[in-house]
Amino acid sequence: MNFLKSIFGKKEAPVKSYSDFWDWFVKHEKAFFKVVQKGDTIHKDFFELLSPKLDEIHDSIYFLTGMLDDQTAELILTPDGAIKNIYVIEELVAAAPEIEGWKFTALKPASDIKDVSINYEGFKFNSGNLKFYPNLHKNYPDEIDLTIVYDDFTEDKKAAAANGVYIFLDNYLGELHAVTLIDSMKVVGNEGISEELIPIEKLKDYLIWREKEFVEKYEGIRHNSEDDAYANFEGKRKSGGIVLALINTTILEWDKKASHPWVFIVSIPFKSTDESGLPDSDSYKLLDEIEDEISADLKDLEGYLNIGRETANGKREIFFACKEFRKPPKVLDAIIKKYSETFEISYEIYKDKYWQSFRHYQQK
């Protein structure tokens, strides 16, 4: 399209904030609207221009678009299932201005199950061929563990069947519920199933009910770590490297672990000067300063418990258990940017209601 070539012919200022992005979008929204409305060059004339601008805000922002009706284009921004990027999507969409003819949506929305039918690698997934049953665990009563029964399941293509089910749930439940409410899930065929099967259209209500019970059970529960006991652990790898850990042993015995169901692990690699795999004194000091900086933003009484840290093999890992999943990634993204020239810091966040990730530190 010639009008797009003339619009984007000049070099544009980099996007450094949410408002910068939307200022850029507003300048070109009429051209983008025409592209989406016409529909045949969306990738070339919209997505290829949108993608680099979103990358300047944060990497791994994905998008979908289409016409809601004759007068309204919708742009859906999604982290494609990455929990740690949800906060960025939500904040970016919340900062969007009102633009006539546009609707901006954070995360893929839920759909009426009657409208959800997925074709994936030769399989079809719909409300007619999917059912489920919950697996209840006496020692883990808050765990939401599901078995999805798929009529056309075959063992030799179980990975494709599982992926198709995930895509179906993403569309049916909506992205936020699909990635945050289910703790564990497996997909099987209906052969040999003795449990009572529940129609898949009842899954949404089941998850909402379980989540409501969970929230009410643990609402307001916090832990003050001020008087907790800590233990030093030291070991040695077969290679000769030393493993050092400092762990809050009091909190590992807490009977309210599920109140802080999100495990957050920060990883900071460093250069070791000898075979021990440990940092030199200057690096050790800086690693401690970074941990203190993170802990200053993620306070225990606000729902972020510092479980401890492990230093070994050229890497420091810092462990948290968190009440929610949005603030920790935001804090770490700022830390990563601040120390980008010194360390290649990374992190992960995932649901682990009973802190099984730290079980090897608990006293037998």
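Scroll up to find the structure.
Residues numbered from 1 in each chain as written. Predicted model: local features only at pLDDT ≥ 70, side-chain atom pairs only at ≥ 80, totals over all residues. Heavy atoms only, no water.

J.: Is there a simple way to explain the overall build of the chain in this structure?
T.: Across its full length, the chain carries ten helices and 15 strands. Referenced to the eigenvectors of the C-alpha coordinate spread, the extents of the chain come out at roughly 65 × 60 × 40 Å. Burial status across the chain gives 46% buried among its 364 residues. Pairs at least 24 residues apart make up 71% of the contacts formed inside the chain by residues separated by at least 6 positions. Of the roughly 19,600 Å² of accessible surface on the chain, a fraction of 49% belongs to carbon and sulfur atoms. Charged side chains in the chain number 47 positive and 66 negative. The centres of these two groups are separated by 1 Å. (Helix = DSSP H or I, 4+ residues; strand = E, 2+ residues; numbered from the N terminus. Buried < 20%, exposed > 50% of the residue type's maximum accessible area, 1.4 Å probe, protein only. Contact = heavy atoms within 4.5 Å. Areas by Shrake-Rupley, 256 points an atom, 1.4 Å probe, with all protein chains shown as cover. Lys, Arg positive; Asp, Glu negative; His and termini not counted. Charge placed at Lys NZ, Arg CZ, Asp CG, Glu CD.)

J.: I'm lost on the packing of aromatic side chains in this one. Help?
T.: Two descriptors summarise a pair of aromatic rings, namely the distance from one centre to the other and the angle between the planes of the rings. If you walk through the whole model with that rule in mind, you get 32 aromatic pairs. An aromatic cluster of three or more residues is present, and its members are Phe 21, Trp 22, Trp 24, Phe 25, Phe 32, Phe 33, Phe 46, Phe 47, Phe 63, Trp 102 and Phe 104. Over the aromatic face of Tyr 347 sits the side chain of Lys 84, whose NZ or CZ is 4.9 Å from the ring centroid. The ring of Phe 214 carries the charged tip of Lys 353 above its face, separated from the ring centre by 4.5 Å. (Phe/Tyr/Trp six-rings, centres within 6.5 Å; stacked < 30°, edge-to-face > 60°. Lys NZ or Arg CZ within 6 Å of the ring centre and 35° of its normal.)

J.: How should I be thinking about the nonpolar core in this particular structure?
T.: Nonpolar side chains tend toward joint burial in soluble globular proteins. In this structure, Phe 21, Phe 25, Phe 46 and Trp 102 are the most contacted members of the largest nonpolar core, which totals 53 residues. The biggest single contributor to this core is helix α2 (residues 18-38), with eight residues. In terms of nonpolar packing, the next biggest core, distinct from the first, is built from 29 residues, Ile 113, Ala 162, Val 165 and Met 185 among them. (Core = buried A, V, L, I, M, F, W, Y, C linked by side-chain atoms within 4.5 Å.)

J.: Which parts of the structure should I look at to understand the pairing of strand β12 (residues 262-269)?
T.: Walk down a regular strand and you will see the side chains alternate between the two sheet faces. Among the eight residues that make up β12, seven are buried, leaving the element largely enclosed by the rest of the structure. Note: β12 against strand β14 (residues 315-322), eight bridges, orientation antiparallel. Within β14, the position partnered with Val 263 by the bridge is Ala 321. The sheet contact formed by β12 and strand β15 (residues 346-351) spans six bridges and is antiparallel. Counted as the bridge partner of Ser 267 is Ser 346 from β15. (Pairing = 2+ DSSP bridges.)

J.: Whenever I open this one, the environment of Ser 346 confuses me. Can you help?
T.: With respect to the helices and strands, Ser 346 occurs in strand β15. When sequence neighbours within four positions are dropped, the list of residues in contact with Ser 346 reads Ile 265, Val 266, Ser 267 and Ile 336.

J.: Just to check I follow, could you spell out the sheet that holds strand β13 (residues 304-312) for this structure?
T.: Each strand in a sheet pairs with its neighbour through backbone hydrogen bonds, running either in the same direction (parallel) or in the opposite one (antiparallel). Pairing within the open sheet is antiparallel, and its six strands lie in the order β10-β11-β13-β14-β12-β15. Taken across any chain shown, the strands that pair with only one partner, and hence form the sheet edges, are β10 (230-236) and β15. When strand polarity is set aside, the average angle formed by the axes of neighbouring strands in this sheet is 15°. In the packing of helix α9 (residues 281-297) onto the sheet, the strands contacted are β12, β13 and β14, and the crossing angle to β14 comes to about 15°. (Axes fitted to C-alpha atoms, helices over the stretch in contact; angles between N-to-C directions.)

J.: Explanation requested: the sheet that holds strand β9 (residues 198-199) in the structure shown.
T.: The four strands are arranged β8-β7-β6-β9 in an open sheet whose pairing can be described as mixed. The sheet terminates laterally at β8 (184-188) and β9, the two strands that pair on one side only. Of the strand pairs in this sheet, strand β6 (residues 130-135) and strand β7 (residues 145-150) are connected by six bridges, and their pairing is antiparallel. What sits directly across from Pro 134, in β7, is Leu 146. The strands touched by helix α5 (residues 158-173) are β6, β7 and β8; relative to β8, the strand with the most contacts, the crossing angle is about 125°.

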